[in-house]
Amino acid sequence: MKAFSRLLASLLYSPARNTKLRLLRVYLAETPDPDRGYALAALTGTLAFAEAKPAAVREVARQRLDPVLFDLSYDYVGDLAETVALIWPASDQSHDLRLGEVVETLTLAARAKVPELLEGWLDRLDADARWALIKLLTGGLRVGVSERLAKSALAEHGKVELAEVEEVWHGLDPPYRSLFDWLDRKATRPQIDTSRLFRPLMLAQALEESDLISLDPSDFRAEWKWDGIRVQIVSGPDGARLFSRGGEEVGPAFPDLVDRMSFSAVVDGELLVRRGEEVAPFNDLQQRLNRKKATEKHLADYPAFVRVYDLLFEGEEDLRHLGFDARRARLEAWVARTGLATGVIDLSPLVPFADWEELGRHRLGAGALNAEGLMLKRADSPYVPGRPKGLWFKWKRAADTIDAVLMYAQRGHGKRSSFYSDYTFGLWTSPGGELVPIGKAYFGFTNTELMELDKWVRNHTTDRFGPVRQVEPGLVLEIAFDSAQRSTRHKSGVALRFPRVARIRWDKPAGEADILETLVKRIPA
Amino acid sequence: MRPETWVRPTPAGLFVEPGSFYIDPSSPVDRAVVTHGHSDHARGGNRRVLATAETLAIMKSRFGHDAIGAIQALAYGERIEINGVGVSLAPAGHILGSAQVVLDWQGSRIVVSGDYKRRRDPTCPPFEPIRCDVFITEATFALPVFCHPDDKEEVARLLHSMAVFPERTHLVGVYALGKCQRLIRLLREAGYDQPIYLHGALVGLCDLYREHGVDLGDLRPATEAPPGMFAGVLVLAPPSSLGDRWSRRMADSVLSFASGWMRIKQRAKQRGVELPLVISDHADWGELTQTLDEVGAPEVWVTHGREDALVHHATTRGIRARALSLLGFEEEGS
Ligand SMILES: [Zn+2]
Ligand SMILES: [Zn+2]
């Protein structure tokens, strides 16, 4: 763990790509198997432990540490992993722990065993290694290593072309022994079964409205941007797999889909749930995603399907080098011939338009279709993994807004730990009634506004609970959100997706803020 | 008699009422006792100042002869009376000349720690724990997340990085008073005998330390050196100059910062520090709690930092503890 934690910390502090590359290369050369393979998997986010959750970290922290000191520390440090790592009392650190041992033990461990394992390991490690361990366990290392950077380091390590590494990478599993054997000239290049392999997705950049001035509408095609989950169907002779955009398999939760897919193709589309003939709100899909194993009733209540918009492979033929129009023609033919017959695939239509004004009007109708907005794709764009510039754009529909009243404020974490920067806001039950909280917002305001909000909070505090202050109902916040949905977890019965502060309405009397019913009416039925 | 009746915080600083003098006053007073030379403790403009000879020398070099008033030097362990209040100074182990102020009045003893640390510092004598009725302690790093590692290890990391990146300049941010000279001594003790280059703002205090018998080896001003000659050398500079035009003359430098705050990774990252060195002149959590145990005071006043955690800790140990809020105490030399 020592070498791994040193690598993680150095990566964290080094912004330059070349420095990161050098650090990775040195690590790969100096570290034995299987540690280096697991390290690479951890850095690229391929390592996940089903049974090890952040809750385990909280649990051991609660058992071993003084809660007051822990809270004060967490409030100051702002990061759970780092707080626990720093505060953990030092003990015997004479034997280092191997990364491979940790990974392999965690992979097999039952959930109830995880806290005990963690505690034992924390006692054996120094502060940096404790930090690395907790980061590893909870995922999200965030030290700025992309998959591409990792592959580049591998290519440099083995003195082979990057493309050669890319060919095999997705077909291999950690700790990648066969890959290292090949790179270290101990074996030939590993053979990969490409028939069931995830291909990295092509992603869109966000459209700035100013972009429209420089873009020629005739160069682009438009589609709805559906409010579901992007999936890649990889189907071949051995059956179908369904991957999320990160390459994680989601098929097991959707037997109603994969069981009906008996074709040979790689297709890009949106996983959605149907309500009659229409696309259901995201919340319905959430019901499916919440369960690893769906019951019959669940499958019937929330019928899933994939609305497809791109064809990457047909049979063995790789279509990714073709332009969008050419792939689209192949896709439409394929859906008519094969896709529709499955009963769980349909075609995402093109949205015709002559100019940006017309497309802009279509965009206003996105909400009614339960779409998030529009996608713009260059007619001649090949399918390029990653987020290439200037080829695909997403043009989201304007967010909804509501005027809410600030109720509580809490100190933020890290950089913002000295400011009241987390705001709970609410709506009136009726004009002149009570306030009921509907959500929390952490961003949307400038630093100057943060200072002003912080000052307002300090001057209008009516009560305190630990780091939370209750304030007079006197400040209206215009809250933007992507959608509202029903929630049994909130007292108000409503939850907002992506709430953020759109404007601070210093001018508006709190009594004139919105009532709950106004928001409830906007929940899609 | 309750101790707060004769020593209490005021807007001008901690006031010793029967003695009619202030400790580390933040605005000019008639009579001041100064714990050490950092600018959040020592200020010009007082009429009379009592401190160690070293601290007075530091004040003279920072504010000039005329601005510090009539001076009176007191050696560690020497005792005088001011209006019936016994005053003596004890080593605080923080920087050259740093002292705790020991106050005796009518059989009760209050010790004002000033800033202090408990680990060895080659540039000043070690902190001396003194039994007392009230201990007024600093709390700069009073959270259990602060546990400063062995400074030898931190210096070894700096030397290691210089070996790994021999073509780059290592530019280390250090506070001008104390940290700078201690780091140089630690480097010399670790066997580094190459010239060390100094930002102009560090030169005067290094000279002063040398005059007080601290051997700092071969030091050279970095200000006049041509840009090309920085490859592979070690440059020390005050933290405030790290991002400015001055430091940009050193192409592709490894930016380092020696401070207790570097313990928090996100803090180091936010400041763009590539090689954080956790070296502090303040007590870490373990040293603070150890010190409370050793001075055995039934009452502790906490000031100058994160009071909450230390007050909580002391309270759970059966010590009467509270935060003392002093105005005008900003951090320097952390
Ligand atoms: Zn100081
Ligand atoms: Zn201080």
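Placed above this text is the structure.
Scope of this entry: the structure provided in the associated data block.

Rules of the game
Residues numbered from 1 in each chain as written. Chains lettered and ligands numbered in written order. Predicted model: local features only at pLDDT ≥ 70, side-chain atom pairs only at ≥ 80, totals over all residues. Heavy atoms only, no water. Helix = DSSP H or I, 4+ residues; strand = E, 2+ residues; numbered from the N terminus. Buried < 20%, exposed > 50% of the residue type's maximum accessible area, 1.4 Å probe, protein only. Contact = heavy atoms within 4.5 Å. Areas by Shrake-Rupley, 256 points an atom, 1.4 Å probe, with all protein chains shown as cover. Donors = N, O, S within 2.8 Å, 3.2 Å for Na, K, Ca; no water. Tetrahedral: all angles 85-135°; square planar, octahedral: opposite > 155°, others 65-115°. Buried area = accessible area lost by both parts, 1.4 Å probe. Salt bridge = Lys/Arg side-chain N within 4 Å of Asp/Glu carboxyl O. Axes fitted to C-alpha atoms, helices over the stretch in contact; angles between N-to-C directions. Parallel < 35°, antiparallel > 145°, perpendicular 65-115°, else oblique. Left-handed = near helix turned anticlockwise from the far one by under 90°. Nonpolar A, V, L, I, M, F, W, Y, C, P; charged D, E, K, R; others polar. Pairing = 2+ DSSP bridges. Core = buried A, V, L, I, M, F, W, Y, C linked by side-chain atoms within 4.5 Å.

Within chain B, the regular secondary structure consists of 8 helices and 19 strands. A burial count over chain B gives 61% of its 334 residues as buried. In chain B, of all internal contacts separated by at least 6 residues, the share reaching a separation of at least 24 is 60%. Taken as a whole, chain B presents about 12400 Å² of accessible surface, with 50% of it coming from carbon and sulfur.

Once that is clear, we can look at the coordination of the zinc ion (ligand 1). All names here are of chain B. Protein-derived ligands of the zinc ion (ligand 1) are His36 (NE2), His38 (ND1), His94 (NE2) and Asp115 (OD), with the metal-ligand distances lying across 2.1 to 2.2 Å. Metal-centred angles of 90 to 162 degrees between the 4 donor atoms at the zinc ion (ligand 1) mark the site as irregular. The sequence motif formed by the donor residues of the zinc ion (ligand 1) is H-x1-H-x55-H-x20-D. Separating the zinc ion (ligand 1) from the zinc ion (ligand 2) is a gap of 3.5 Å, which Asp115 spans by donating to each of them. In this pair, His38 is assigned in the loop between strand S4 (31-33) and strand S5 (48-51) and Asp115 in the loop between strand S10 (108-112) and strand S11 (134-139), connecting sequence segments 77 residues apart. Side by side, His38 and Asp115 carry an identical accessibility label, which is buried.

With an omega dihedral of -5 degrees, the bond running from Asp33 of chain A to Pro34 of chain A counts as a cis peptide bond. Note the cis peptide between Pro174 of chain A and Pro175 of chain A, where omega equals 5 degrees. As for its position among the elements, Pro175 of chain A is in the loop between helix H11 (162-169) and helix H12 (177-183). Even without a glycine there, the phi angle at Asn83 of chain B is positive, about 50 degrees. Tracing the backbone through its elements, the reader meets Asn83 of chain B in the loop between strand S7 (79-82) and strand S8 (85-91). The phi torsion at His304 of chain B lies on the positive side, around 70 degrees, for a residue other than glycine.

Residues and elements named next belong to chain B. Taken together, the protein ligands of the zinc ion (ligand 2) are Asp40 (OD), His41 (NE2), Asp115 (OD) and His304 (NE2), with distances of 2.1 to 2.6 Å. Relative to the metal, the 4 donor atoms surrounding the zinc ion (ligand 2) lie at angles of 84 to 153 degrees, and the coordination shape comes out irregular. Sequence spacing of the donors to the zinc ion (ligand 2): D-H-x73-D-x188-H. Given the relative accessible area of 2%, His41 is considered buried.

Listed as interface residues are 24 residues of chain B and, on the opposing side, 21 residues of chain A. Of all residues in chain B, Val145, Lys265 and His312 of chain B bury the most surface against chain A, accounting for 30% of the area lost on that side. Seen at the junction of chain B and chain A, the total is 2 salt bridges. Across the pair Arg22 of chain A and Glu167 of chain B runs a salt bridge, and its minimum N-O distance is 3.8 Å.

Think of two packed helices as two axes; the pair is described by the angle between the axes and how far apart they sit. Residues and elements named next belong to chain A. Put simply, helix H10 (residues 147-158) and H11 touch, their axes get as near as 9 Å, and they point 120 degrees apart. Taken together, H10 and H11 sit at an angle that is classed as oblique. At the point where H10 passes H11, the crossing takes the right-handed sense. Across the interface between the two elements, Glu147, Arg148, Lys151, Ser152, Leu154 and Ala155 of H10 pack against Leu162, Val165, Glu166 and Trp169 of H11. Residues of the contact of H10 with H11, tallied by class, amount to 5 nonpolar, 1 polar and 4 charged.

Residue and element names in this part refer to chain A. With mixed pairing, the 4 strands of this open sheet are ordered in space as S1-S11-S10-S2. A strand with exactly one partner marks an edge of an open sheet, and here the two such strands are strand S1 (205-206) and strand S2 (220-226). Two strands pair when backbone bridges link them, and S2 and strand S10 (residues 371-378) are joined in this way by 7 bridges, in the antiparallel orientation. If you follow Lys225 over to S10, its bridge partner there is Gly373. Against the sheet, helix H17 (residues 324-339) contacts S2, S10 and strand S11 (392-396), and its axis sits at roughly 55 degrees relative to S2. Packed onto the sheet, helix H18 (residues 356-364) meets S2, S10 and S11 and runs at close to 55 degrees relative to S11.

The biggest cluster of nonpolar side chains holds 114 residues, and the ones touching the most others in it are Met1 and Phe4 of chain A together with Phe135 of chain B. Setting aside anything within four residues of it in sequence, one finds Phe4 of chain A in contact with Tyr27, Ala39, Ala42, Leu99, Ala132, Leu136 and Leu141 of chain A.

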